[in-house]
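# Structure at a glance
Letter by letter, the chains look like this.
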Amino acid sequence: FDFGDSARDRSHQALMDQLVRRIYARDEGVSFGTLYSTSCNLTPADSALFKEVVASLVDHKDVEVHGRDGARRTKASTIRDDDQIVPVRQAKLQF
């Protein structure tokens with residue numbers, strides 16, 4: 001699917017909204033491969049756009065991505081299918 005700039009931006013934002021809800025629905029998170037395979041038929045976005053969106057969620061501190069070796073992933077180009085995407089839990093403030 002060939003996105004124009006405007007369509008790509010809208011798809012990116014819509015996918016960010018959808019994926020963050022799917023990730024936060026599971027306390028233990030979800031692997032990138034599972035997230036993609038269970039969502040890819042619902043959108044024209046390809047794997048590269050999914051990875052860009054997950055990297056944006058990392059930049060916004062909504063999620064963290066961890067490799068099997070424990071390494072944190074922050075760039076779309078480094079995200080692999082077996083990486084675990086987990087929600088970032090807000091710290092509770094005590095007064």
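Structure first, text after, so check above.
Residues numbered from 1 in each chain as written. Predicted model: local features only at pLDDT ≥ 70, side-chain atom pairs only at ≥ 80, totals over all residues. Heavy atoms only, no water.

Our focus in this paragraph is the sheet that holds strand E1 (residues 30-31). Taken together, 4 strands build an open sheet; the order of strands is E1-E4-E2-E3 and the sheet is antiparallel. At either margin of the open sheet sits one strand with a lone partner, and together these are E1 and strand E3 (72-73). Where strand E2 (residues 63-66) meets strand E4 (residues 84-87), 4 bridges bridge the pair, whose relative direction is antiparallel. From the neighbouring strand, glutamate 64 faces E4, where its bridge partner is valine 86. Packing against the sheet, helix H3 (residues 47-59) makes contact with E2, E3 and E4, and its axis sits at approximately 120° to E2. (Pairing = 2+ DSSP bridges. Helix = DSSP H or I, 4+ residues; strand = E, 2+ residues; numbered from the N terminus. Contact = heavy atoms within 4.5 Å. Axes fitted to C-alpha atoms, helices over the stretch in contact; angles between N-to-C directions.)

We now examine helix H2 (residues 32-39). For H2, the full list of buried residues reads Phe32, Gly33, Leu35 and Ser39. End-on view of H2: buried residues confined to an arc of 165°, all on one side of the axis. Looking at the buried side of H2, the elements it contacts are helix H1 (5-24), E1, H3 and E4. (Buried < 20%, exposed > 50% of the residue type's maximum accessible area, 1.4 Å probe, protein only. Arc of directions from axis to C-beta.)

The next thing to look at is the pattern of salt bridges. What the rule picks out here adds up to 3 salt bridges. Between arginine 68 and aspartate 82 there is a salt bridge; the shortest N-O distance is 2.9 Å. Pair noted here: arginine 68 is in the loop between E2 and E3 and aspartate 82 is in the loop between E3 and E4, with a separation of 14 residues, a long-range link. By relative accessible area, which is 74% here, arginine 68 ends up exposed. For aspartate 83, the salt bridge goes to arginine 73, with nearest N and O atoms at 2.8 Å. (Salt bridge = Lys/Arg side-chain N within 4 Å of Asp/Glu carboxyl O.)

Close contact between H1 and H3 brings their axes to 9 Å; oriented N to C, the two are set at 65°. Taken together, the axes of H1 and H3 are roughly perpendicular relative to one another. Where H1 crosses over H3, the handedness of that crossing is right-handed. Within the contact between the two elements, H1 uses Arg8, Ser11, His12, Leu15, Met16, Leu19, Val20 and Ile23 and H3 uses Leu49, Phe50, Glu52, Val53, Val54, Ser56 and Leu57. For the contact of H1 with H3, the class distribution of residues is 10 nonpolar, 3 polar and 2 charged. (Parallel < 35°, antiparallel > 145°, perpendicular 65-115°, else oblique. Left-handed = near helix turned anticlockwise from the far one by under 90°. Nonpolar A, V, L, I, M, F, W, Y, C, P; charged D, E, K, R; others polar.)

Ranked by internal contacts, the top residues of the largest apolar core, which has 19 residues, are Leu19, Val54, Leu57 and Ile85. When contributions to this core are tallied by element, the ones reaching two or more residues are H1, H2, H3 and E2. Counting residues per element, this core draws most heavily on H3, which supplies 6 residues. If we skip the residues at most four places from it in the chain, valine 54 touches Leu19, Phe32, Leu35, Val63, Val65, Ile79 and Ile85. (Core = buried A, V, L, I, M, F, W, Y, C linked by side-chain atoms within 4.5 Å.)

As far as function goes, none of this settles anything; it's purely spatial.
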